[in-house]
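Survey of secondary and tertiary structure
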Amino acid sequence: MTGIPSLQLNLCTPADFYFSEPLYGKSGQLKLSALNCKRRNSGVSGIEVKQSILAPIKAMDSSKTTSPINGNAGSFREKQQSGCNSGDDLLTNERDDCSGKSMPQMSSVGNSTNIVWHKCTVEKSDRQQLLGQKGCVIWITGLSGSGKSTLACALSRGLHARGKLTYVLDGDNVRHGLNSDLCFKAEDRAENIRRIGEVSKLFADAGVICIASLISPYRKERDACRALLPEGDFIEVFMDVPLQVCEMRDPKGLYNLARAGKIKGFTGVDDPYEPPLNSEIVLHQQGGVCDSPTNLAEIVISYLERKGYLEA
Ligand SMILES: Nc1ncnc2c1ncn2[C@@H]1O[C@H](COP(=O)(O)OS(=O)(=O)O)[C@@H](OP(=O)(O)O)[C@H]1O
Ligand SMILES: Nc1ncnc2c1ncn2[C@@H]1O[C@H](COP(=O)(O)OP(=O)(O)O)[C@@H](O)[C@H]1O
């Protein structure tokens, strides 16, 4: 987790919802920029990486190198300012150490060997500038029926109305295409989460406010998705709605089928859900009444506003 101290805010709304989120004071902000800076310089993003600068022929011999996710050859502006590269060099993905030698950065990631990160001179910051916002991932997790998809849509609508670009990755929907090869056994759920985490990361890199809405029952996999992004850019929203409430809602009749033994391994019934321990935002429902989706969305939007995600 962020390691930022947590502030619990209990809102006395007529309904029974309240939310809590970590303190976002000065120390949190300072930490954020320091970490971002470190990551940018190292080019490391979440997975264990080793890197080396090798001539291509050498790299063919060794498939053991692993890579940074983002090339670390410096930004377009940094290079312009340092005078290190000619304009032409900026259009290649080669690393230039100013000594005249220019070598591609050869890497291996997982089963992909001898690959080279192709860096583009239009960067995330440029895209954010264009959009007037900061790319990030809002990760909504909770039981089936807890209101994830409803919140995702309300949030997308609320942000769209403010002129902000969002995209919703709903677990159900992504399983209609990209993840249609996956079922609900543990390893497939883990792969579902991993892929949505990777896609979310691309959207955030595009400058988009990506809203991922999936049960994502495992803490370890959610935390792995968090680790893909720069500190602060993964905002976990926990729909803390009791199983009984979700079961009462049962809009698709799935709990009914699960209780009747017609669906095996249904989350909350005979499959685990590991609640987050340190979500940025927790939306609780403690009684029978709940706050409206629009109000819940507003809680998330004010968080984004306070953290500066709604400006470039
Ligand atoms: N066995 C089992 N367990 C839980 N859910 C099931 C299951 N089988 C089908 N469904 C339906 O699939 C939706 C959950 O998909 P996700 O991709 O969000 O799940 S997961 O993150 O991979 O656990 C979920 O949608 P939501 O109700 O929107 O959560 C269900 O409609
Ligand atoms: N804030 C809310 N208050 C009351 N009912 C809600 C709220 N959010 C969602 N619901 C209802 O709960 C059911 C499940 O919502 P849904 O968004 O499909 O949940 P999930 O995506 O987590 O399965 C739906 O019938 C929806 O209308």
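Residues numbered from 1 in each chain as written. Chains lettered and ligands numbered in written order. Predicted model: local features only at pLDDT ≥ 70, side-chain atom pairs only at ≥ 80, totals over all residues. Heavy atoms only, no water.

Some points on the site of ligand 1
Near ligand 1, the surroundings consist of 19 residues, among which Ser144, Arg175, Arg189, Asn192 and Ser216 are the closest. Taking Lys148, its side chain carries an N or O atom lying 2.9 Å from an oxygen atom of ligand 1. Between ligand 1 and Thr267, the relevant distance is 3.4 Å, taken from a nitrogen atom to a main-chain nitrogen or oxygen of the residue. Here ligand 1, which alone exposes 620 Å², has 92% of that area covered by the protein. One can see that ligand 1 is located within the second largest pocket. The set of elements that each furnish at least two residues to the shell around ligand 1 consists of α5 (148-161), α6 (171-174) and α7 (186-205). When the residues that make up the shell around ligand 1 are grouped by side-chain class, the tally is six nonpolar, eight polar and five charged. (Near = heavy atom within 4 Å. Polar contact = N/O pair within 3.5 Å; in protein donor to acceptor, adjacent residues only side chain to side chain. Areas by Shrake-Rupley, 256 points an atom, 1.4 Å probe, with all protein chains shown as cover. 1 Å grid on protein atoms, 1.4 Å probe; cavity = no way out; pocket = protein on both sides within 12 Å on 5 of 7 lines; lining within 4 Å. Sits in = over half its atoms within 2 Å of the grid points. Helix = DSSP H or I, 4+ residues; strand = E, 2+ residues; numbered from the N terminus. Nonpolar A, V, L, I, M, F, W, Y, C, P; charged D, E, K, R; others polar.)

A short note on the layout of surface pockets
Considered as a void within the structure, the second largest pocket measures approximately 660 Å³ in volume. Of all the secondary structure elements, the ones that give two or more residues to the lining of the second largest pocket are α5, α6, α7 and α11 (293-307). Element by element, the count of residues in the lining of the second largest pocket is highest for α5, at four residues. (Points joined across faces, edges and corners; volume = space filled by probe spheres on them.)

Some thoughts on the side chain of Arg189
Relative to the assigned elements, Arg189 resides in helix α7. For Arg189, a relative accessible area of 5% puts it in the buried group. In this structure the side chain of Arg189 is engaged in a polar contact, spanning 2.9 Å, whose partner is the backbone oxygen of Phe184. Not counting residues up to four positions away in its chain, the partners in contact with Arg189 are Arg175, Cys183, Phe184, Ile215, Pro217, Tyr218, Gly265, Thr267 and Asp271. (Buried < 20%, exposed > 50% of the residue type's maximum accessible area, 1.4 Å probe, protein only. Contact = heavy atoms within 4.5 Å.)

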